[in-house]
Each structure stands twice: as structure tokens, then as C-alpha cells.
Amino acid sequence: MGAVRGDYFGAFQQPELASLSTAQKLDPGRWHPEYRFWFIVEGDGSPLACVNSDGILRTPDGTLFDIGTLYRKSARDMWAPVAAVRAHMERVGLVPTP
């Protein structure tokens, strides 16, 4: 059985993520809500962002980005969502300004 990275879920202010921080073990034969989330982590540090299978990216400060909407609004420029998220992460101090 797999283990849930509760510390990753607990790093976020959003209740839907924080509530998953208490799950301990997963049964590999069943679907679990935790499987819908992927985390962006640098090294052994805290997660910088969380992306779910619906294309919503969350940052630990509580900001949400709809990656699909940003992509479509930019005439399908894949760098537009990346730039928007990066600019926000720099502004709130999650990543250094280059």
C-alpha cells in the first residue's frame, strides 16, 4: 500500500487540500481523491504548487490558477500559464526573481 504525503497537502491553505493531510495509507486496488493531485517540489523542501487532474494549480498562499483557461485565453500559447504562475510565485516570495 502507498502512503499519502500528508505534509504536502498540509502546506496549503485551501480546505480541500488541507483535509487530505490526515490520510495515512492508500489501498492500491481502489481510487482515492489523493490520486488527483501532483505537487511541484524543489529538493526536499515544501511544495511550491499543487496541480489537480482538472488543471487547477494552487499555491500555498491560497491562490488558484485555471491552467486550461489561461492557455485558451492566450491563443493556446503554452508559456502564458507558466509565465502567470511564475510571476505570482515571485511576487509572493515562493521563488526568487531571476
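Residues numbered from 1 in each chain as written. Predicted model: local features only at pLDDT ≥ 70, side-chain atom pairs only at ≥ 80, totals over all residues. Heavy atoms only, no water.

Another point: the side chain of His88. Tracing the sequence through the fold places His88 in helix α4 (residues 79–91). For His88, the contacting residues outside a window of four places in its chain are Thr59, Asp61, Thr63 and Phe65. (Helix = DSSP H or I, 4+ residues; strand = E, 2+ residues; numbered from the N terminus. Contact = heavy atoms within 4.5 Å.)

A positive phi angle, close to 60 degrees, is found at Ala75, a residue other than glycine. Within the secondary structure layout, Ala75 lies in the loop between α3 (67–73) and α4. With relative accessibility at 68%, the residue Ala75 sits in the exposed group. With a phi close to 65 degrees, Arg76 is a non-glycine residue in the positive phi region. Assignment of secondary structure puts Arg76 in the loop between α3 and α4. (Buried < 20%, exposed > 50% of the residue type's maximum accessible area, 1.4 Å probe, protein only.)

With that settled, the discussion passes to the pairing of strand β3 (residues 37–41). In this sheet, strand β4 (residues 47–52) lies alongside β3 in antiparallel orientation, the contact comprising five bridges. Pairing of Val41 across the sheet is with Pro47, part of β4. Count of turn residues in the β3/β4 antiparallel hairpin: five residues, of which Gly43 carries a positive phi of about 60 degrees. (Pairing = 2+ DSSP bridges.)

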